[in-house]
Structure formats: C-alpha cells, structure tokens
Amino acid sequence: MRDSQVTGGPGGTANTPGTPSARGVFAGSSGGALPAGARDPRDELPEHLGALRAFAISLTRNVAAADDLVQDTIVKAWTNLDKFQPGSNLRAWLFTILRNTFYSDKRKTRREVADPEGIYAAALCEKPSHDGRLALADFRRAFDQLSPEHREVLILVGASGFAYEEASVMMGVAVGTVKSRANRARARLAEMLGLEEGEELLSGVDGPTLAVLGKSGVRAA
Amino acid sequence: MYVEMAESKGKSRLHQQIDENLKRVYEEALNEEIPDRFKELIARLRSKEVGQ
C-alpha cells in the first residue's frame, strides 16, 4: 500500500509526474487514450484505499463514518473518471474528492461526526506502543480535539507528505493559507499538550532520536 | 549548509516532534486492514462497466 512514485516520498515532491501545474491535478481533458506509461486509474485505485481510509479516519475520527466516506468517494471517483487527467496524481485527486465530500456532508447534516463514545480512540489505545518513547495517547487525544480543518492540513502536509502547493490545490485555498493554517494547527496542538518551544514532547527520547535531534542544530534557542 | 541549519532551526524541534507524532497517528490508521466491502465495491463497479 506504501506505493512510491504516486505521491512522492515524505516531504512531498512538488514535481509529481503528470502534474505540470496546480490546475493539472483536476483539469481533465482525457482524450481517452492513456499517455505512455500512465496506468488505468481503475487498476491503480485499489492501491490508494489504505491511504484514503487513513485520511478519512483522520478527518472523521470515527471508523464507521470514515468507511461510509471512503465508499462515497470510490463511487464518485469511479463515475467521474473522465474528469481525471491520466498520468496525474491519482491519490491527490481521490483525497480531494474525499475531503470535498466530507465537508459537503458536514454542511448538509450539520451533524458533528465525532466519536462521542470514544470507540475509535479506545480501540487504538489497546495497541501496545512498541517503542514506548512517547505519550502517543496524549497526542492522539489532542489531535482528536482539533477542528477537522486543522486535522486535514496536518495530515496532508505533516503526515502524508504532500507539498504545500499540492495541499493548496486539494484544499482549494492559497498556499499561504495552507502554511498559516498548518502553523496554527501545530501551535494549537502544542498548546493542548502544554508544550512550548524548547520543551520535550517525548517522555523518553531514545538515543538515535536524540542524536538526530542534536545534529539538526536545534539547541536551546 | 549553515543556511539549511538556520532553516531547520526555524522548523523547530517542537515542530519536528509534532510531525513525527502526526506520522505515527496516520500510520496507525494506514496499517488498519481494509474492509472487504471496498474491494467488493470496486469489483461491482468494474463488472457494471463491462456490462454496459
């Protein structure tokens, strides 16, 4: 599921093959024939299911709601495949459909799709932390309390490695808005976790991590 | 190199740690097994298309 060339690696490669411009992600003028080397999106779609679902879970924080959202996204994508530009970033296209569906559902129902019973959170907590180096549960709780818009931007640029430019197209806002929203979301998280610059987020940072952090030149500023 | 370090200083340790945790939260969701309903849905969509 961790396919490579489609989204680019962590950090986000801005030059996704076949995405020449921001508009290129959407503007579909598919003449029918696939460009050389481009795969049929119908074949490629299943490879993005895991990422789609993870994004949906991040937005809804509720597995049942996330699965409904993924289902709607697949159907919408399938019936609008003629609008997909062959060879462009399919994952970005699918993510866009998913988040647009999420927000329009939310507007329609005006219903908060949170996880009031904490089913999802509880299920996740049962998983043993294999490295035990952080208060991941605390972090997750704080993340859950962010607004969907903040969760969205952090997942796109912080976790799934989309470039700011890509996220900007997907979210339909300016690049500067993506950046400032991401910064506000990070600040909000830090605030909820009671952290300030210079403080440790990890309860017990391991050696290699410390080494890396040390090397990155962020000594007490 | 110095410039790069100055930049990564701007992207503070806190920022990096938040992103690390975000990746973990996302990975957890990513590692969950995908329900069969989606594979079945895609198979249905495919067969419908062929039938047309």
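Residues numbered from 1 in each chain as written. Chains lettered and ligands numbered in written order. Predicted model: local features only at pLDDT ≥ 70, side-chain atom pairs only at ≥ 80, totals over all residues.

Enquirer: In this structure, what is going on with the overall build of chain B? I would like to understand it.
Expert: Counting its secondary structure elements, chain B contains 3 helices and 0 strands. The proportion of buried residues among the 52 residues of chain B is 19%. (Helix = DSSP H or I, 4+ residues; strand = E, 2+ residues; numbered from the N terminus. Buried ≥ 20, exposed ≤ 12 C-beta atoms within 10 Å, placed from the backbone.)

Enquirer: How do you make sense of the overall build of chain A when you look at a structure like this?
Expert: Of the regular secondary structure elements, chain A holds 10 helices and 0 strands. Shown N-terminal to C-terminal, the secondary structure of chain A runs as helices and strands in the order α-α-α-α-α-α-α-α-α-α. Every one of the 221 residues in chain A was classed for burial, and the buried ones make up 36%.

Enquirer: I would appreciate a short explanation of the nonpolar core in the present structure.
Expert: Inside soluble globular proteins, nonpolar side chains tend to come together where they are buried. Within the largest apolar cluster, 53 residues are counted, with the highest numbers of intra-cluster contacts made by Phe55, Ala56, Leu98 and Ala167 of chain A. When contributions to this core are tallied by element, the ones reaching two or more residues are helix H2 (49-60), helix H3 (63-79), helix H4 (90-109), helix H6 (136-145), helix H7 (148-159), helix H8 (164-171) and helix H9 (175-192) of chain A together with helix H2 (13-30) of chain B. Both domain 1 (1-6 + 39-118) and domain 2 (126-195) of chain A contribute no fewer than three residues apiece to this core. In this structure Leu98 of chain A touches Leu52, Phe55, Ala56, Leu69 and Thr73 of chain A, once residues within four positions along its chain are discounted. (Core = buried A, V, L, I, M, F, W, Y, C linked by C-beta atoms within 7 Å. Domains from an automatic or database assignment. Contact = placed C-beta atoms within 7 Å.)

Enquirer: Just to check I follow, could you spell out the interface of chain A and chain B for this structure?
Expert: It is common to report an interface's size as the accessible area lost on association of the parts. In this complex, chain A contributes 38 residues to the contact, which on the side of chain B involves 27 residues. Secondary-structure elements contributing two or more residues to the side of chain A that touches chain B are H2, H3, H6, H7 and H9 of chain A. Here the element with the most residues in the side of chain A that touches chain B is H2 of chain A; it accounts for 7 residues. Of the residues belonging to the side of chain A that touches chain B, the class tally is 25 nonpolar, 7 polar and 6 charged. (Nonpolar A, V, L, I, M, F, W, Y, C, P; charged D, E, K, R; others polar.)

Enquirer: Looking at this structure, I do not really get unusual backbone geometry. What am I missing?
Expert: Peptide bonds are trans in most cases, and residues, glycine excluded, mostly fall at negative phi. All names here are of chain A. If you check the backbone angles, Arg61 has positive phi at about 55° while not being a glycine. Mapped onto the secondary structure, Arg61 falls in the loop between H2 and H3. Classification of Arg61 as buried rests on a count of 24 C-beta atoms within 10 Å.

Enquirer: Mind showing me how you'd approach H4 of chain A here?
Expert: A turn of α-helix holds 3.6 residues, and therefore any two residues three or four places apart point the same way. Spanning 20 residues, H4 of chain A covers 28 Å between terminal C-alpha atoms, matching the ideal 28 Å at 1.5 Å per step. On the buried face of H4 of chain A, the contacting elements are helix H1 (41-44), H2, H3, H7 and H8 of chain A. (Expected span 1.5 Å × (residues − 1).)

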